[in-house]
Amino acid sequence: MPAADKISVQVDGRDLALSNLPKVLYPADGFTKAEVLDYYQRISAVLLPHVAGRPMTLKRYPDGVDGQSFFAKHAPAGRPSWLRTEEIVSSSSRSRAPGDPIEYVVLDDLSSLIWAANLAAIELHVPMWRFPGNPKGEHKAAPEHGLEPDLLVFDLDPGAPATIVECCRVAEALRPVLEEDGLRALPKTSGGKGLQLYAPISGMNAEQASAKAKEYAERLEGDMPKLVVSRMTKSLRTGKVLIDWSQNNGSKTTIAPYSLRAREHPTVSTPVTWDEVAACRQVTDLFFTAPDVLARVEEQGDLFAPLLPAKAS
């Protein structure tokens, strides 16, 4: 790569080489890699507390959102020595034998976030649990055994012709059911076509959290059978909203709050208010791009802050 295609910067005192900044990653908007990096730098204060301590799966788009993409779970060779990584013993990796560890990247600070964005990691995906606060290299575990999730997530996925509007109606019905059990859920868009609800939890392992979420999903399916489905079967989902409870599995990930999405436009998985959910009557009501979200955070702060541990928020 010609030297002119790279620039050297310091981020929090760490040296980074940024490359291909003029490259267009969102052709429909002419949104460049430089703009992706700028967004992640400007949103970092509210994004990082939600992903800190969580194993990160990067979805990379080296040729932009219209090109080929791939999920990157393994920390790449040639990464900076200061980048935090943690090992997980996996029972489900397709690329390694069960029981072999996978070394994950953990994005705890701005320099790590910019490093990832420079890899054209447009999307950031994390599980519902965090590593214990151990120094690097001291922790190795399987996520499905012994690690406690701190969040319960419901991924509301509409089957056409249903849209995010129907997801909002399901979210409004699910909210009081959760509140009956003391769970205070907060909504965010998926950045795609759906909506997600997050509620803080403690004292459950991932298997218990997944089972609990399934109970809620099946209850809503029983209450609203014409609109809600709790099973993945595609033939059941036409015109309905799938409450995907399986995202609480310790091995699964969900798009992180404030992450960009690799859609036609640079949309963002955006925390929203319950008033906005109640008012949603068309798809564009909850459609937010990177500039929109930066303006929202400037005005409203982090709507997901109540989900954070006290010291993080």
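Residues numbered from 1 in each chain as written. Predicted model: local features only at pLDDT ≥ 70, side-chain atom pairs only at ≥ 80, totals over all residues. Heavy atoms only, no water.

Enquirer: Help me out: how do you make sense of the domain arrangement of the chain in this one?
Expert: Looking at the assigned domains, one finds that the chain contains domain 1 (6-143) and domain 2 (151-249 + 267-307). Put simply, the middle of domain 1 and the middle of domain 2, counted by C-alpha atoms, are 25 Å apart. If you look at the interface, domain 1 gives nine residues, while domain 2 gives 14 residues. Area buried by domain 1 at its contact with domain 2 is led by Tyr-39, His-50 and Met-128, which between them contribute 55% of it. Summed over the shared surface of domain 1 and domain 2, the number is one residue pair in polar contact (both at pLDDT 80 or more). With five residues, helix α1 (residues 33-51) is the single largest residue contributor to the side of domain 1 that touches domain 2. Looking at the side of domain 1 that touches domain 2 residue by residue, the class counts come to six nonpolar, one polar and two charged. (Domains from an automatic or database assignment. Contact = heavy atoms within 4.5 Å. Buried area = accessible area lost by both parts, 1.4 Å probe. Polar contact = N/O pair within 3.5 Å; in protein donor to acceptor, adjacent residues only side chain to side chain. Helix = DSSP H or I, 4+ residues; strand = E, 2+ residues; numbered from the N terminus. Nonpolar A, V, L, I, M, F, W, Y, C, P; charged D, E, K, R; others polar.)

Enquirer: Would you mind showing me how to read the packing of α1 against helix α6 (residues 290-300) here?
Expert: Between two packed helices, both the angle of their axes relative to each other and the distance between the axes serve to describe the pair. Packing of α1 against α6 leaves a shortest axis separation of 11 Å and a crossing angle of 35 degrees. Of the two possible hands of crossing, α1 and α6 adopt the one that is left-handed. Residues Tyr-39, Arg-42, Ile-43 and Val-46 of α1 form the contact with α6, whose own contacting residues are Ala-290, Val-293, Leu-294 and Val-297. When its residues are assigned to classes, the contact of α1 with α6 shows seven nonpolar, no polar and one charged. (Axes fitted to C-alpha atoms, helices over the stretch in contact; angles between N-to-C directions. Left-handed = near helix turned anticlockwise from the far one by under 90°.)

Enquirer: What's the story with the environment of Asp-5 in this structure? I'm lost.
Expert: In this structure, Asp-5 sits in the segment before β1 (6-11). Classification of Asp-5 by relative accessible area gives partly exposed; the value is 33%. Each C-alpha atom, one on Asp-5 and one on Arg-263, is 26 Å from the other, the two residues being 258 residues apart in sequence. If we skip the residues at most four places from it in the chain, Asp-5 touches Leu-18, Ser-19 and Asn-20. (Buried < 20%, exposed > 50% of the residue type's maximum accessible area, 1.4 Å probe, protein only.)

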